[in-house]
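# Observations on chain architecture
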Number of protein chains: 2
Amino acid sequence: MPVDEDPSVTAPGRHMAPTLELVAARAGVSRATVSRVVNGSTSVSPPIAEAVRRAVEELGYVPNRAARSLASHQSQAIALVAPEDVTRFFGDLFFADIVAGIDTRLENSDYVLNLMIANNDPSGKTMRYLGGGAVDGALVVSHHTSDRFLRCITETLPVVFGGRSAVPELDAYVVDVDNVSGAEIATRHLIERGCRRIATIAGPLNMRSSLDRLEGWRRALDAAGVEAGPVVDGDFTMLGGAAAMREILDSRHTVDGVFVASDLMASGAVQVLLERGIAVPDEIAIVGFDDSAAALATGVPLTTVRQPMRDMGWHMADMLIRLLTGEATVPRELILPTELVVRESA
Amino acid sequence: MPVDEDPSVTAPGRHMAPTLELVAARAGVSRATVSRVVNGSTSVSPPIAEAVRRAVEELGYVPNRAARSLASHQSQAIALVAPEDVTRFFGDLFFADIVAGIDTRLENSDYVLNLMIANNDPSGKTMRYLGGGAVDGALVVSHHTSDRFLRCITETLPVVFGGRSAVPELDAYVVDVDNVSGAEIATRHLIERGCRRIATIAGPLNMRSSLDRLEGWRRALDAAGVEAGPVVDGDFTMLGGAAAMREILDSRHTVDGVFVASDLMASGAVQVLLERGIAVPDEIAIVGFDDSAAALATGVPLTTVRQPMRDMGWHMADMLIRLLTGEATVPRELILPTELVVRESA
DNA sequence: TTGTATGCGTTATCAT
DNA sequence: ATGATAACGCATACAA
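Scope of this entry: the structure provided in the associated data block. (Residues numbered from 1 in each chain as written. Chains lettered and ligands numbered in written order. Predicted model: local features only at pLDDT ≥ 70, side-chain atom pairs only at ≥ 80, totals over all residues. Heavy atoms only, no water.)

### A look at the relation of the copies chain B and chain A
Here is the rule: Least-squares superposition of the copies uses the C-alpha atoms of those residues scoring a pLDDT of at least 70 in each of them. Any pair of residues with heavy atoms lying within 4.5 Å of one another is described as a contacting pair.
The transform that puts chain B on chain A rotates by 180° and translates by 0.0 Å along the axis, for an RMSD of 0.1 Å. The operation mapping one copy onto its partner corresponds to a two-fold rotation axis. Interface residue correspondence from chain B to chain A reaches 100%, placing this contact among same-surface, isologous pairings.

### Quick look at the pattern of salt bridges
Rule in force here: By salt bridge we mean one thing: a side-chain nitrogen of Lys or Arg within 4 Å of a carboxyl oxygen of Asp or Glu. For helices the rule is a DSSP run of H or I covering at least 4 residues; for strands it is a run of E covering at least 2, with both sets numbered from the N terminus onward.
Using the criterion set out here, one finds 32 salt bridges over all chains in the structure. Of the charged contacts in the structure, one is a salt bridge between Asp318 of chain A and Arg322 of chain A, with a shortest N-O distance of 3.2 Å. Pair noted here: Asp318 of chain A and Arg322 of chain A are both in helix α13 (residues 309-324), with a separation of four residues, about one helical turn. Two residues, Glu215 of chain B and Arg219 of chain B, come together in a salt bridge whose shortest N-O distance is 3.0 Å. Of this pair, Glu215 of chain B and Arg219 of chain B both sit in helix α9 (residues 208-224), four residues apart, roughly one helical turn.

### Digging into the protein's contact with DNA strand C
The condition that has to hold: By convention in this text, a residue qualifies as near a molecule or strand provided that one of its non-hydrogen atoms is within 4 Å of it. Here a polar contact is recorded for every N or O atom pair within 3.5 Å, except that within protein the pair must consist of a potential hydrogen donor and a potential acceptor, and residues adjacent in sequence are included only if both atoms are side-chain atoms. In this classification, the charged set is Asp, Glu, Lys and Arg, the nonpolar set is Ala, Val, Leu, Ile, Met, Phe, Trp, Tyr, Cys and Pro, and all remaining amino acids, among them Gly, are polar.
In the vicinity of DNA strand C there are 28 residues, among which Thr33, Arg36 and Ser45 of chain A together with Leu20 and Ser35 of chain B approach most closely. Among the atoms of DNA strand C lying within 4 Å of the protein, the sugar-phosphate backbone contributes 61%. Contact distances for DNA strand C include 2.5 Å between a phosphate oxygen and a backbone N or O atom of Ser45 of chain A. Contacts to DNA strand C include Leu20 of chain B, whose backbone N or O atom sits 2.5 Å from a phosphate oxygen. For the surface near DNA strand C, the secondary-structure elements that each account for two or more residues are α2 (31-38) and α4 (65-72) of chain A together with α2 (31-38) and α4 (65-72) of chain B. Classifying every residue of the surface near DNA strand C by side-chain character gives 14 nonpolar, ten polar and four charged.

### Comments concerning the interface of chain B and chain A
Put simply, the rule is: Defined in terms of a 1.4 Å probe, buried area is the accessible area two parts forfeit on being brought together, summed over both. DSSP-based pairing: two strands are paired if at least 2 bridges between them are found.
Counting residues at the interface gives 42 residues for chain B and 42 residues for chain A. Across the chain B to chain A interface the summed buried area is about 3,500 Å²; carbon plus sulfur atoms make up 62%. The interface formed by chain B and chain A includes twelve residue pairs in polar contact (both at pLDDT 80 or more). Elements supplying a minimum of two residues to the side of chain B that touches chain A: α4, α5 (91-107), β2 (112-118), α6 (125-131), α11 (263-275) and α12 (293-297) of chain B. Broken down by element, the residue count for the side of chain B that touches chain A peaks at eleven residues, all from α5 of chain B. Here the side of chain B that touches chain A is built from residues that sort into 22 nonpolar, twelve polar and eight charged. The sheet contact formed by strand β2 (residues 112-118) of chain A and β2 of chain B spans three bridges and is antiparallel. Residue pairing across strands places Leu115 of chain A opposite Leu113 of chain B, the latter belonging to β2 of chain B.

### Structural notes on the packing of helix α10 (residues 238-250) of chain B against α11 of chain B
Residues and elements named next belong to chain B. Let me state the cut-off plainly: The axes used here are C-alpha line fits, helices contributing only the stretch in contact, and every angle between their N-to-C directions lies in the interval 0 to 180 degrees. Any angle from 65 to 115 degrees is called roughly perpendicular, while one under 35 is roughly parallel, one over 145 is roughly antiparallel, and all others are oblique. Each helix crossing is assigned a hand: it is left-handed if the near helix lies turned anticlockwise from the far helix by less than a right angle, otherwise right-handed if that turn is clockwise.
α11 packs onto α10 with a crossing angle of 50° between their chain directions and a minimal axis gap of 6 Å. Our classification of the angle between α10 and α11 gives oblique. Considering only the axes of α10 and α11, their crossing is right-handed. Touching Met238, Gly241, Ala242, Met245, Arg246 and Leu249 of α10 are Leu264, Met265, Ser267, Gly268, Ala269, Gln271, Val272 and Leu273, all from α11. Each residue belonging to the contact of α10 with α11 can be placed in one class, and the counts come to nine nonpolar, four polar and one charged.

Structure follows, in structure tokens:
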């Protein structure tokens with residue numbers, strides 16, 4: 001026979017958190033009823049509901065997550081899975097912003113965010129965790145995550161991707177930034193300010209965003225009937241950008257404008273230009289992409305394309321929640337607009 | 001009436017995850033035994049343990065977190081609580097790195113990371129969550145979080161702070177970067193290269209790190225018998241740094257070196273110098289702090305002080321885990337060394 | 001509308 | 001060393 005302590009309603013147990021049971025006792029109803037009002041069931045008479053709410057308030061009751069999860073088969077948690085090298089690629093660039101965006105969406109929900117840095121091993125801890133019912137869904141900032149890994153996880157859980165992957169067959173839910181039109185706008189800006197020999201420094205061509213930005217550059221050129229200048233890979237790094245700029249300058253081409261697919265690369269490119277005494281933007285105009293910190297820290301403040309990373313985070317979370325709550329019509333793809341920020345480099 | 005599928009042991013239930021029960025059946029033992037081997041209890045005979053392990057493997061069993069948590073009163077989760085404006089202050093600076101560090105420590109543990117952006121309201125969702133047993137402990141990157149908030153949370157949970165707060169009475173567990181000696185080294189570098197009239201552009205003086213860096217600057221000066229130059233608040237922003245630099249130049253002081261308490265501010269300062277045709281470092285040498293992206297994107301690559309943010313994350317997590325596992329001797333404070341990175345600005 | 005009873009998957013306390 | 005069995009705190013089907 002269990003040794004029950006006196007469950008006197010007045011005694012606020014030392015450290016034990018109050019349970020449904022206690023609230024029920026205090027309100028003079030059954031556990032089920034308390035559960036109902038806590039979960040916002042409609043079928044409970046106003047006076048009773050009120051009494052329960054009071055008891056909840058007085059006792060400072062807060063539902064036990066584990067118990068709730070166990071009984072309901074829902075964790076009310078979602079995972080944010082980021083590739084192993086967040087800090088290398090997303091670098092210190094967007095991560096904080098995306099997270100902030102996700103959080104603002106989650107704020108008014110009951111979901112909490114679980115952070116996972118994932119290696120690309122579909123059999124690792126990450127997969128076990130995601131598969132083990134620990135989370136109801138996942139947000140993944142993909143960009144170049146392995147195919148096998150992605151497929152695995154989408155089979156297990158509702159997933160929303162941030163940034164379309166390079167493998168288009170994977171028709172999952174995704175929110176992305178409109179890289180194409182962003183690049184297009186940037187390039188058009190170059191054209192409108194008079195540039196006619198426009199090169200581009202691109203990102204690694206196995207990344208979707210690089211491809212899209214290249215495409216946008218090309219479109220703007222085509223639309224204006226301007227001949228395409230050289231295309232050089234800058235690897236999305238500052239050093240790569242500098243190297244690419246040198247390559248362009250040393251080539252047989254003459255250019256008067258460059259669309260650079262990231263601010264970091266643009267920053268490297270501008271430094272090379274300055275070193276060689278080439279005036280920016282007068283001799284060569286530069287437009288970057290990202291509107292990252294680098295855009296302002298560069299010798300010549302960069303004209304660039306701002307990406308709404310915060311919005312992206314918000315919408316990723318929003319989409320997933322709508323998926324989880326069984327909403328009927330969740331669009332499979334959401335493309336967020338970019339914005340040209342005109343500063344001094346073009 | 002629920003439509004149960006045949007729970008035959010051999011049939012890998014469509015979607016239901018295998019439970020202890022199933023594993024037990026398969027291995028021909030009791031649930032308790034399975035639980036023991038899963039949790040690494042010693043008191044189980046090798047052959048039986050082996051059989052269980054096989055069953056676990058074959059069924060792909062993974063313990064249900066909710067159930068485990070409910071029964072054990074431990075969530076195996078820790079929270080990372082960041083101030084509301086992560087993205088403004090930590091900005092895109094350190095957040096990703098700290099997270100990466102935390103994650104590497106957590107990787108080999110059973111803990112998962114819960115991310116919470118906290119407003120400073122001790123009664124809000126964050127507090128309810130932290131108090132509700134949803135996590136076993138918390139990591140907080142504090143720097144300027146409200147006192148009341150902090151006190152609240154430290155009373156509820158084991159907490160490790162990243163960065164000492166400005167309120168020293170709060171003697172919680174904390175890991176911090178050695179701002180004092182970092183600033184000292186930076187300033188000494190200035191002195192060693194011949195500077196004799198050394199100013200400093202400081203951060204907001206209500207932040208502990210600002211205070212510490214100021215202190216380091218002063219110490220180096222004192223140690224070398226060099227008179228202290230002007231001290232100007234640069235607000236930890238690029239614009240603030242630029243304004244501060246102008247203020248120094250326009251003052252009655254002449255300076256030949258400036259220790260700037262952040263790269264972002266240093267970046268602004270350098271631009272002002274360049275605009276006015278003042279040679280860096282020949283006429284005025286600049287040393288920054290952080291070794292952030294801004295350090296490289298600046299016109300003159302910055303000599304600066306690198307902070308081991310990744311290590312900081314690692315040690316925060318490590319400290320908390322040791323606290324949670326009841327380790328006897330956990331130091332209350334851990335100060336990580338910084339490192340001077342010499343580039344071109346000084 | 002409200003209460004009763006059962007189950008969720010583990011851990012932990014007992015016996016054995 | 002191993003196996004029953006009782007919590008753990010909540011949701012929910014069902015009865016009232």
